[in-house]
Amino acid sequence: MTQKIRASRAPSRWSITGRILLAALGGYLLTSLIVVLLSYSFSGPISTAIFTANHFSFALYLVFILWIFAAGSLARVALYILVACIFCFLLILWLGAKS
C-alpha cells in the first residue's frame, strides 16, 4: 500500500522542458538582439563596440536564464521575452535605417 506522494509545488517534466527550451532559444535570441542594439549605441570604432557588447552578453544571458527558471509562470515569461524580442528587432530596424 505504498503510494507515491507528489509535492503540490513540484514542477512537471513539461514545465522544466519548456523552461530549458525557452532559456536556450528565447534567451539566446533576446541576448543577441540586445547585443546588436548595444553595438549600435557605443561610440568609437565598430570593432570595439562589438567586442564590448559581446562581453556584456555573457552576463546578460545568465540573468535571462536565472529569470526564466525563477519565474512562477512559464507562459508569462515567454510572453515577456517575445514582446522584448519584437521591440528590440523593430528598434534595430529603425536604427539600421537611420544610419
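As shown above, the structure is provided for reference.
Just so we're clear, the structure is a prediction, and the values are computed from it rather than from any experiment. (Residues numbered from 1 in each chain as written. Predicted model: local features only at pLDDT ≥ 70, side-chain atom pairs only at ≥ 80, totals over all residues. Heavy atoms only, no water.)

Asker: Just to check I follow, could you spell out the side chain of Ser-57 for this structure?
Answerer: Tracing the backbone through its elements, the reader meets Ser-57 in helix α2 (residues 46–70). If near-sequence neighbours (up to four positions away) are discounted, Ser-57 is found in contact with Thr-31 and Val-35. (Helix = DSSP H or I, 4+ residues; strand = E, 2+ residues; numbered from the N terminus. Contact = heavy atoms within 4.5 Å.)

Asker: Just to check I follow, could you spell out the side chain of Arg-19 for this structure?
Answerer: Within the secondary structure, Arg-19 is located in helix α1 (residues 13–41). Not counting chain neighbours up to four residues away, the residues in contact with Arg-19 comprise Ile-68, Phe-69, Ala-71, Gly-72, Ser-73 and Leu-74.

Asker: What am I meant to see in the nonpolar core here?
Answerer: Grouped together as the largest cluster of nonpolar side chains are 15 residues, with contacts concentrated most on Leu-30, Ile-34, Ile-68, Val-77, Ile-81 and Cys-88. For this core, the secondary-structure elements that each account for two or more residues are α1, α2 and α3 (74–98). For this core, the leading source of residues is α1, giving six residues. For Ile-34, the contacting residues outside a window of four places in its chain are Leu-60, Phe-64 and Cys-88. (Core = buried A, V, L, I, M, F, W, Y, C linked by side-chain atoms within 4.5 Å. Buried < 20%, exposed > 50% of the residue type's maximum accessible area, 1.4 Å probe, protein only.)

Asker: So what exactly am I meant to see when it comes to the packing of aromatic side chains here?
Answerer: Here a ring pair, both rings aromatic, is described through the centre-centre distance and the interplanar angle of the planes. Counted under the stated rule, the structure contains two aromatic pairs. Ring centres of Tyr-28 and Tyr-61 lie 6.4 Å apart, and the angle between their planes is 80°; on these two criteria the pair is classed as edge-to-face. Of this pair, Tyr-28 sits in helix α1 while Tyr-61 is found in helix α2, placing the two residues 33 residues apart along the sequence. Residue classification places Tyr-61 among the partly exposed residues on the basis of a relative accessible area of 25%. Ring geometry for Trp-67 against Tyr-80: centres 6.3 Å apart, planes inclined by 10°, an arrangement best described as stacked. (Phe/Tyr/Trp six-rings, centres within 6.5 Å; stacked < 30°, edge-to-face > 60°.)

Asker: Would you take a moment to explain the layout of surface pockets for this structure?
Answerer: Where empty space is left in the structure can be found by rolling a water-sized probe over the atoms. In this structure, the largest pocket encloses a volume near 160 Å³. If you go around the largest pocket, the residues you meet are Tyr-28, Thr-31, Ser-32, Val-35, Asn-54, Ser-57, Phe-58 and Tyr-61. In terms of residue class, the lining of the largest pocket is built from four nonpolar, four polar and no charged. (1 Å grid on protein atoms, 1.4 Å probe; cavity = no way out; pocket = protein on both sides within 12 Å on 5 of 7 lines; lining within 4 Å. Points joined across faces, edges and corners; volume = space filled by probe spheres on them. Nonpolar A, V, L, I, M, F, W, Y, C, P; charged D, E, K, R; others polar.)

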